[in-house]
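One-letter residues, chain by chain:
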Amino acid sequence: MSMTCHDAVPLLDAFLDGELEPARAAELERHLGGCEVCRAARRRSERLSAAVRGNAVRHAAPDALRLRLAGALHAPAALPPIAPRPAPVHRLLPLAASFVLGILVTSGAAVYVDRADRADETARELVASHVRSLMPGHLLDVQSTDSHTVKPWFAGKLDFSPPVPDFAAEGFPLLGGRLDYVGGRSVAALAYGRRQHVVNLYLWPAPGTGDGSTRAAAMNGYNLVTWRAPGWRYQAVSDLNAAELRQFAELWRKLPPQEPTAGR
Amino acid sequence: VAVNGGDDRRFAAEILPHLDAAYNLARWLARNDADAQDVVQDAYLRAFRFFGGFEGRNARAWLLSIVRNAFYSSLAAREQHESLPEDGDVAAEIAELAGPESPETLLIRGDERRLVNEAIAALPPEFREALVLRELEELSYREIAEVTGVPIGTVMSRLSRARALLRRALRAHGAGP
C-alpha cells in the first residue's frame, strides 16, 4: 500500500531529523519521488530548520558562572549568591527533596534506554580527549583553515603523514590540527567546525584493508563514528547529532585512498 | 555533602564540560541571563548532590533534565506561566510578540535573526525546550524524551507543533520559510 500525502506530511519532520525508522523512511522517499506538493513541504521544513540553526543563539555560559561553579565544586553548599539577586538555593531547599525522586527516576531510565551506549576503552579515551580539546587553548596546535598549512605541520611530528582535506564547501570547515595520544600511540587529530559544534577526527595508520562499514556509538552525550579504510583507522567524536556525524564520515570515505607512509 | 574524592573528580570530568549546554537550555527557558545563572547554579548543586546515584552513560541528558527541573521549580518559571494567556491562539500571540514595528522593516534581511530568536522565545516552554534541545543542542528524540520526561511520541508532536507555530509566526512577517 503506498503512502498518501496525508500520511507523508506528518512524518517529514522526523524524516529530516533522521529519526524515522528505515522502512518508513524508504516509503516516504518513494512518495516524495512522485509528489511535488510534498517535496515543496519538505523544502519548507528544511528552510525553517536552516533558519533556526543559522539564527538562533546558542548562549555560552558566562565566565563568571563558570568560575563560580568550578570554585564551588569543593564546597558546593557554600555557593556564593549571584549579585545582586539572592541565591535561589535557599528558597529551593524545601523543594529539593521532592525532586530527588524525579531525578533518580530519570537517571534510571537513562541506564535502561541507552543500551547502545556501551563503550569500549578507546571510546572512553576519545571522549576524554575530545572534552579536553574543548577547554580553552587545547583544541589546536596548528590553527589554519588551509590544508596546505596543516598537513606539513604534522611532518616530523608523526611517523606518518595524515591526509588533511577541507570540507568547507560541504559545511565542515577545517579549523586546524594537533597531536594527540590515543590507545597508546601518537595520532593526528583534525578539528572541523559545524555550526557551533566541533568535530574531532582522530586518525592513525592501521594494517588491513578495512571492511567498508561504519560503526556509530554514543557515550556521555557525545556521538562517535568509527571506520577503517585501507591502511587507516578513523574515529570521529562530537556533540553534533549522529546523522550529521555520519555525513562527515561519508565525506571522508569518498576521498581517494591515501598512503600512510612518507612521514618526513 | 557526602561525596568522596573519586566522585568529585568524575563529576568534574563528566558534568562540568556540559556547562554551555546547561546554560543554553536555562537561558532559553528563563529568557534572561540572571535567572538562567540562578537555574544553572541550582542545577549543578543538585547534580553534585545526586551524582553518587548517577550510573547512566549520558551525562549531558542527565544534567539537562536537572536543569529543566530546576527551571520549572524556580520563581522565574512561575512568573512566566502566569504571564502566559490561559487560552487563545498561541500562534497569533507569537506573531504579535515576534512582530517588528512596521511591515517594511520586516523585509530587511538583517531582521531575520532577531525575528527567529524572538519567535522561539515566544513559544510555550514545552515547545521551546524541545526545539532548543533538537536544533541547538542536537539531541536525538530519545535524549529529548529522557531530558523532558515524556514519551518519544510526545517529543515528536511537540517538535512538529513548535515548528508549525514558528513557521506561521515568521511567515506572518514575511521573513519565514
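Reading the values: the criteria
- Residues numbered from 1 in each chain as written.
- Chains lettered and ligands numbered in written order.
- Predicted model: local features only at pLDDT ≥ 70, side-chain atom pairs only at ≥ 80, totals over all residues.
- Heavy atoms only, no water.
- Buried < 20%, exposed > 50% of the residue type's maximum accessible area, 1.4 Å probe, protein only.
- Helix = DSSP H or I, 4+ residues; strand = E, 2+ residues; numbered from the N terminus.
- Pairing = 2+ DSSP bridges.
- Expected span 1.5 Å × (residues − 1).
- Contact = heavy atoms within 4.5 Å.
- pLDDT = per-residue confidence, 0-100.
- Salt bridge = Lys/Arg side-chain N within 4 Å of Asp/Glu carboxyl O.
- Axes fitted to C-alpha atoms, helices over the stretch in contact; angles between N-to-C directions.
- Phe/Tyr/Trp six-rings, centres within 6.5 Å; stacked < 30°, edge-to-face > 60°.
- Lys NZ or Arg CZ within 6 Å of the ring centre and 35° of its normal.
- Core = buried A, V, L, I, M, F, W, Y, C linked by side-chain atoms within 4.5 Å.

**Student:** Describe unusual backbone geometry, listing the residues and the values that go with them.
**Tutor:** In most cases, non-glycine residues show a negative phi, while peptide bonds are predominantly trans. Residues and elements named next belong to chain B. For arginine 31, which is not glycine, the phi torsion reads 70 degrees and is therefore positive. Here arginine 31 falls in the partly exposed class, since its relative accessible area comes to 34%. In the Ramachandran plot, glutamate 138 falls in the positive-phi region, its phi being about 60 degrees despite a non-glycine side chain. Among the structural elements, glutamate 138 can be located in the loop between helix H9 (125–136) and helix H10 (141–148).

**Student:** Run through the pairing of strand E7 (residues 232–238) of chain A, naming residues and quoting values.
**Tutor:** Residue and element names in this part refer to chain A. Burial within E7 is extensive, with seven of its seven residues counted as buried. The alternating pattern of E7 places Trp232, Tyr234, Ala236 and Ser238 on one face and Arg233, Gln235 and Val237 on the opposite face, and all of these are buried. Bridge count for strand E4 (residues 197–205) against E7 is seven bridges, and the pairing is antiparallel. The partner of tyrosine 202 across the bridge, within E7, is glutamine 235. Summarising the sheet, strand E6 (residues 222–229) and E7 pair through seven bridges and their orientation is antiparallel. In the strand pairing of E7, tryptophan 227 is matched with tyrosine 234. The turn linking E6 back onto E7 is made up of two residues, and glycine 231 within it adopts a positive phi angle of 85 degrees.

**Student:** For helix H7 (residues 121–133) of chain A, give the residues involved together with the corresponding values.
**Tutor:** All names here are of chain A. Helix length check: H7 (13 residues) gives 18 Å between terminal C-alpha atoms against 18 Å at 1.5 Å per residue, within 8%. The complete set of buried residues in H7 reads Ala123, Leu126, Val127, Ser129, His130, Val131 and Ser133. Packed against the buried residues of H7 are strand E2 (174–182), E4, strand E5 (214–219), E6 and E7.

**Student:** Tell me what's going on with the confidence of the model for chain A, and back it up with residues and numbers.
**Tutor:** Per-chain confidence: chain A averages 78 in pLDDT, with 79% of residues scoring 70 or above. In this model, residues 75–119 of chain A is a region of pLDDT below 50 whose contacts with residues beyond four sequence positions or in other chains number 63 contacts.

**Student:** Let's hear about the pattern of salt bridges: which residues, and what values?
**Tutor:** Enumeration over the complete set of coordinates arrives at 23 salt bridges over all chains. Here B:Glu137 ties to A:Arg58 by a salt bridge, and the two come within 2.5 Å at their closest N and O atoms. Of the two residues, B:Glu137 is situated in the loop between H9 and H10 and A:Arg58 in the loop between helix H4 (36–55) and helix H5 (63–72); the pairing between them involves two chains. Of the residues examined, A:Arg58 reaches a relative accessible area of 22% and is grouped as partly exposed. Here the salt bridges share partners, and the residues they tie into one network are A:Asp13, A:Asp17, A:Glu19, A:Arg53, A:Arg194, A:Arg195, A:Glu244, B:Arg134, B:Glu135, B:Glu138 and B:Arg163.

**Student:** Explain the sheet that holds E2(A) to me, using residue names and the numbers behind them.
**Tutor:** Residues and elements named next belong to chain A. Spatially, the seven strands line up as an open sheet ordered E1-E2-E3-E4-E7-E6-E5, and their pairing is antiparallel. Of all strands in the sheet, those with a lone pairing partner are strand E1 (142–143) and E5, marking the two edges. Docked against the sheet, helix H8 (residues 147–154) engages E1, E2 and strand E3 (185–194), running at close to 20 degrees with respect to E2. Against the sheet, helix H9 (residues 242–253) contacts E3, E4, E5, E6 and E7, and its axis sits at roughly 20 degrees relative to E6.

**Student:** Kindly report on the packing of aromatic side chains, identifying the contributing residues and their values.
**Tutor:** All told, the structure shown has 18 aromatic pairs over all chains when counted by the stated rule. Ring geometry for B:Phe11 against B:Tyr44: centres 6.2 Å apart, planes inclined by 85 degrees, an arrangement best described as edge-to-face. Here B:Tyr44 lies in helix H3 (residues 33–50) and B:Phe11 lies in helix H1 (residues 5–14), a separation of 33 residues in the sequence. Note on B:Phe11: relative accessible area 2%, which makes it buried. Taken together, the ring pairs in this structure connect A:Phe160, A:Phe167, A:Phe172, A:Tyr192, A:Trp227, A:Trp232, A:Tyr234, A:Phe248 and A:Trp252 into an aromatic cluster. Sitting over the face of the ring of A:Phe172, A:Arg194 holds its NZ or CZ atom 4.1 Å from the ring centroid.

**Student:** Describe in detail the nonpolar core, supporting the description with residues and values.
**Tutor:** Judged by nonpolar contacts, the single largest core of 76 residues is most densely connected at A:Leu28, B:Tyr44 and B:Ile120. Not counting the four nearest positions on each side in its chain, B:Ile120 is found in contact with A:Val52, A:Ala56, B:Trp28, B:Arg128, B:Leu131, B:Val132 and B:Leu166. Residues A:Leu174, A:Trp204, A:Val225 and A:Ala249 belong to the second largest nonpolar core, which totals 40 residues.

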